Amino acid sequence: MSLDPQRLAPMANAIRALSMDAVQAANSGHPGMPMGMADVATVLWSKFLKFDPSAPDWSDRDRFVLSAGHGSMLIYSLLHLSGYASPTMEEIRNFRQLGSVCAGHPENFLIPGVECTTGPLGQGLAMAVGMAMAERHLNANFGDDLVDHRTWVIAGDGCLMEGINHEAIGLAGHLKLGRMVVLWDDNRITIDGDTDISTSENIRARYEATGWHVVECDGHDFADIDRAIEEALADERPSLVACRTVIGKGAPNKQGGHSVHGAPLGADEIAAAREYLGWTSAPFEVPAEILADWRSTGERGAAAHAEWKSREAGADGAAELARRMAGELPAGDEAYNAYVDSLIADKPKVATRKASQMALEALTAALPDLVGGSADLTGSNLTNTKSTAPFSADDYSGRHVYYGIREFGMAAAMNGMALHGGIIPYGGTFLVFSDYCRNAIRMSALQHTRAIYVMTHDSIGLGEDGPTHQPVEHVMSLRMIPNLLVFRPADALETAEAWALSIKQANRPSVLALSRQNLPAVRADSEMKSAKGAYRLQAAEADRKVVLVATGSEVELAINVRAALEAEGIGADVVSMPCAELFDEQDAAYRADLLPADALKVSIEAGVTMGWERYTGSDGINIGMNSFGASAPANVLFDHFGFTVEKIVPQIKAKLG
């Protein structure tokens, strides 16, 4: 398509008009960024972006990420104008209203053309790094004929200020992800005012220092935008294009100021903007000739898609790529079943972090979709296997990423990989550092991604490193996140089940909280009992008076407490609850059978007790710790904080009277 300014300017103004009208109708939103970046987006869509509006799920499309998600009307305008089925004009009219797919911030599960949910600044760019990693990995495995696309990002000053930006661009630069281009909306405005009230850093130098190519352009000069993007594409490094823009461009009395960032322009300013831009159409109307120009932008991508389909028809590996991109698992569980049989036979006493690696040895050999990594704790998290060679700039076919000390960046990149498709990502760190990852984990759940978090050293059982490294509140706080499965397995068999269940969750992430210390086998059967979240591990022999509910390393303790109670004629069940969320999904009859109303229910978990009342009732007993830990050997700590048979049994007997 020709980059004739006479053609492009009205196209860009269509974005401005839709954005200011939608924000005004909603009386809520952010018109400044869409109006300021309209010219850059128009050039990108018209000449560079590879997309087919009729096939938003085409696997070899370019990925476009609006990291500055507050400017959501930019992507809604672009998708509608270029011919995607969604959003419709009616949906744009209902911007930010209940039931409209045009939410305040773009959400990937509402509109097929939205690659990821953005709004928490910086995470869109960081997820784009994961998408670029996924593209390179799949390209290394399937070749240029099937996988050969770019990742584009529009990011604002806030995205570049957030701490995650440091992590993300450092990783991208190190991995030489040269098919990633970030278009920086360099308008020098934040909500509080001009950027110079809060920052004076040299962003260009920072990017160059991390191995990026940097180029600048006038963000309102179509030819200069074109030149800068061409320069970016010619460089083998990831590129930052600093687009000098005016926020709210086209609003004559408000453009360039912070007041246009996050508030409607108002009727008077919209009228002035229409006159300034020469836009005579009514709200939510686009002249036919301008709409036709926009619809033509998809023709190049539609042709590329047709050529790709011709190549796909005869390509080796096409069926396998299609399987992976669809998120489908290979038929058969032979590798998993054989591994479970070995556990039943051997009953290993190992830390569940080691059991995780043992399970991964079998699973990564059978499932090439699994791509793992660790935030500089590979030897502790045990996320590497014989099948997962390093993923690096020299070998993108590798399946283990050395993320460095970048927990937040790792988690966001995992989301990007999962959203790109073709990869089931997992990544490891210490459970206590899940706080560094937390918002990305939340975004995993919100976006329905199959990302698996391997969080080791799950309690005071890690010992001498002390309270800075000992999780106390973390497991329960993670359980509070909707659409997230949190597994805390008791032994190697439950760990294998946790992995199998996590991999099968196509639309939700999982956390595996794993022990540093060795744990004995607590059962030896092949039934997938963890699938129900909790199950009766041991039944009372005497008349049942007590139900002991435990997770992880405390299941062994519950077994020993039961033995002491039974020795005194007090019948006790032991219920292992590796995943509370799955248990909550069971029917009422199953839950009532495990936790009967006529028994004293006792929870045992080396963490905060808040939340256990929903299972034990207000008249139950919650054995836990509501303080930070201490530095000492694990066995000393468990005794000090009351996790022994001798300290638990008297509490139960006193309660029973």
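Residues numbered from 1 in each chain as written. Predicted model: local features only at pLDDT ≥ 70, side-chain atom pairs only at ≥ 80, totals over all residues. Heavy atoms only, no water.

Visitor: Explanation requested: the sheet that holds strand E20 (residues 600-604) in the structure shown.
Guide: Sheets are built from strands that pair by backbone hydrogen bonding, the pairs being arranged parallel or antiparallel. Pairing in this open sheet of five strands is mixed, and the strands run E17-E19-E18-E20-E21 from one edge to the other. If you trace the sheet from one side to the other, it starts and ends with strand E17 (535-538) and strand E21 (621-623), each paired once. Going across the sheet, the axis of each strand differs from the next one's by a mean of 30 degrees, ignoring polarity. In this structure, E20 lies alongside E21, joined through three bridges in parallel fashion. By the bridge assignment, Ser603 is partnered in E21 with Asn622. This element, helix H22 (residues 554-567), spans E17, strand E18 (544-550), strand E19 (571-576) and E20 of the sheet and lies at about 170 degrees to E19. (Pairing = 2+ DSSP bridges. Helix = DSSP H or I, 4+ residues; strand = E, 2+ residues; numbered from the N terminus. Axes fitted to C-alpha atoms, helices over the stretch in contact; angles between N-to-C directions. Contact = heavy atoms within 4.5 Å.)

Visitor: It is not clear to me how the layout of surface pockets should be interpreted in this structure. Could you clarify?
Guide: Empty pockets left among the atoms are what a rolling probe the size of a water molecule brings to light. Taken as a whole, the largest pocket encloses approximately 860 Å³ of empty space. Around the largest pocket, the lining comprises 35 residues; the ones closest to its centre are Met325, Ala418, Leu419, His420 and Gly421. Elements with a minimum of two residues in the lining of the largest pocket: helix H13 (299-313), helix H14 (318-325) and helix H18 (407-420). Per element, the largest residue contribution to the lining of the largest pocket is five residues, and it comes from H14. (1 Å grid on protein atoms, 1.4 Å probe; cavity = no way out; pocket = protein on both sides within 12 Å on 5 of 7 lines; lining within 4 Å. Points joined across faces, edges and corners; volume = space filled by probe spheres on them.)

Visitor: I tried to follow the packing of aromatic side chains on my own but got confused; where do I start?
Guide: The relation between two aromatic rings is expressed through the spacing of the ring centres and the mutual angle of the planes. Per the counting criterion, the structure on display carries 15 aromatic pairs. Their ring planes at 10 degrees and their centres at 6.1 Å tell us that Phe51 and Tyr84 sit as a pair that is stacked. Remark: Tyr84 occurs in the loop between helix H4 (72-81) and helix H5 (89-93) and Phe51 occurs in the loop between helix H3 (38-48) and strand E1 (63-66); sequence separation between them is 33 residues. A single burial state applies to Phe51 and to Tyr84, both of which are buried. (Phe/Tyr/Trp six-rings, centres within 6.5 Å; stacked < 30°, edge-to-face > 60°. Buried < 20%, exposed > 50% of the residue type's maximum accessible area, 1.4 Å probe, protein only.)

Visitor: I would appreciate a short explanation of the sheet that holds strand E12 (residues 424-430) in the present structure.
Guide: The strand order E10-E11-E9-E12-E13-E15-E14 describes an open sheet built from seven strands, whose pairing is parallel. Looking at the sheet topology across the chains shown, the edges are occupied by strand E10 (390-391) and strand E14 (485-487). The pairing of strand E9 (residues 370-374) with strand E11 (residues 400-402) spans three bridges and is classified as parallel. Bridging from a neighbouring strand, Gly373 pairs with Val401 of E11.

Visitor: How should I be thinking about the packing of helix H1 (residues 5-26) against helix H11 (residues 267-277) in this particular structure?
Guide: For any two helices packed against each other, the geometry is given by the interaxial angle and the distance between the axes. Close contact between H1 and H11 brings their axes to 11 Å; oriented N to C, the two are set at 170 degrees. By the criterion of interaxial angle, the relationship of H1 to H11 is roughly antiparallel. Two secondary-structure elements touch here, H1 through Asn13, Arg16, Met20, Asp21 and Gln24 and H11 through Ala267, Ile270, Ala273, Arg274 and Leu277. Residue composition of the contact of H1 with H11, grouped by class: five nonpolar, two polar and three charged. (Parallel < 35°, antiparallel > 145°, perpendicular 65-115°, else oblique. Nonpolar A, V, L, I, M, F, W, Y, C, P; charged D, E, K, R; others polar.)

Visitor: Whenever I open this one, the packing of H18 against helix H19 (residues 434-447) confuses me. Can you help?
Guide: At their nearest, the axes of H18 and H19 sit 7 Å apart, and the two run at 15 degrees to each other. Taken together, H18 and H19 sit at an angle that is classed as roughly parallel. Classified by chirality, the crossing of H19 by H18 is right-handed. Within the contact between the two elements, H18 uses Glu407, Phe408, Ala411, Ala412, Asn415 and Leu419 and H19 uses Tyr436, Cys437, Asn439, Ala440, Met443, Ser444 and Gln447. Grouping the amino acids of the contact of H18 with H19 by side-chain chemistry returns eight nonpolar, four polar and one charged. (Left-handed = near helix turned anticlockwise from the far one by under 90°.)

Visitor: How do you make sense of the nonpolar core when you look at a structure like this?
Guide: By size, the foremost hydrophobic cluster in this structure holds 120 residues, and its most contacted members are Leu125, Met133 and Leu183. With 10 residues, the single largest contributor to this core is H1. Core analysis: the second largest hydrophobic core is formed by 49 residues, Leu548, Leu595, Ile621 and Ile652 among them. (Core = buried A, V, L, I, M, F, W, Y, C linked by side-chain atoms within 4.5 Å.)

Visitor: I'm lost on unusual backbone geometry in this one. Help?
Guide: Across residues other than glycine, the phi torsion is negative in most instances, and most of the peptide bonds are trans. Of the consecutive residues Ser86 and Pro87, the connecting peptide bond is found in the cis state with omega at 5 degrees. Tracing the chain through its elements places Pro87 in the loop between H4 and H5. Within the chain, Phe284 stands out as a residue other than glycine whose phi angle is a positive 65 degrees. Here Phe284 is to be found in the loop between H11 and helix H12 (288-295). For Phe284, a relative accessible area of 11% translates into the label buried. Here the phi dihedral of Asp376 falls at roughly 70 degrees; this positive angle occurs in a residue that is not glycine. The topology assignment puts Asp376 in the loop between E9 and helix H17 (378-381).

Visitor: How do you make sense of the environment of Leu177 when you look at a structure like this?
Guide: Within the secondary structure, Leu177 is located in the loop between helix H8 (163-175) and strand E3 (180-186). With relative accessibility at 2%, the residue Leu177 sits in the buried group. If we ignore the near neighbours within four places in the chain, the residues touching Leu177 are Val129, Ala132, Met133, Arg136, Ala172, Pro238 and Tyr396.

Visitor: Would you mind going over the pattern of salt bridges with me for this structure?
Guide: A side chain with one charge may pair with a side chain of the opposite charge, provided their charged atoms come close. Under the defined criterion, the tally for this structure stands at 40 salt bridges. Ionic pairing is found between Asp21 and Arg274, a salt bridge with its closest N-O pair at 2.8 Å. Note that Asp21 is positioned in helix H1 and Arg274 in helix H11, a separation of 253 residues in sequence. Here Asp21 and Arg274 have matching classes, each one buried. (Salt bridge = Lys/Arg side-chain N within 4 Å of Asp/Glu carboxyl O.)

Visitor: Looking at this structure, how should I read H4?
Guide: At 3.6 residues per turn, the α-helix brings residues three or four places apart onto the same side. Extensive coverage of H4 is indicated by the burial of 10 of its 10 residues. Taken together, the buried positions of H4 are Ser72, Met73, Leu74, Ile75, Tyr76, Ser77, Leu78, Leu79, His80 and Leu81. Directly beyond the C-terminal end of H4, a positive phi value near 105 degrees is found at Gly83.

Visitor: Would you mind going over empty space enclosed by the protein with me for this structure?
Guide: On inspection of all chains with the given rule, the structure shows five cavities of 30 Å³ or more. The space that makes up the largest cavity amounts to roughly 100 Å³. Lining the largest cavity are 14 residues; nearest its centre among them are Phe51, Asp62, Tyr84, Gly113 and Glu115. Across the lining of the largest cavity, the residue classes break down as nine nonpolar, one polar and four charged.

Visitor: Mind showing me how you'd approach the pairing of strand E2 (residues 151-156) here?
Guide: Here is the key point about a regular strand: its side chains alternate between the two faces of the sheet. Of all six residues that make up E2, six are buried, and the element is covered over most of its length. Every second residue of E2 is oriented toward a common face, with Thr151, Val153 and Ala155 on one face and Trp152, Ile154 and Gly156 on the other, all of them buried. Of the strand pairs in this sheet, E2 and E3 are connected by six bridges, and their pairing is parallel. Considered in E3, the bridge of Gly156 is made with Asp185.

Visitor: For this particular structure, what's the right way to read the pairing of strand E7 (residues 239-244)?
Guide: Among the six residues in E7, five count as buried, and that is most of the element. In this sheet, E7 lies alongside E3 in parallel orientation, the contact comprising six bridges. By the bridge assignment for E7, Asp186 is matched with Arg244. Across six bridges, the pairing between strand E6 (residues 213-218) and E7 is parallel.

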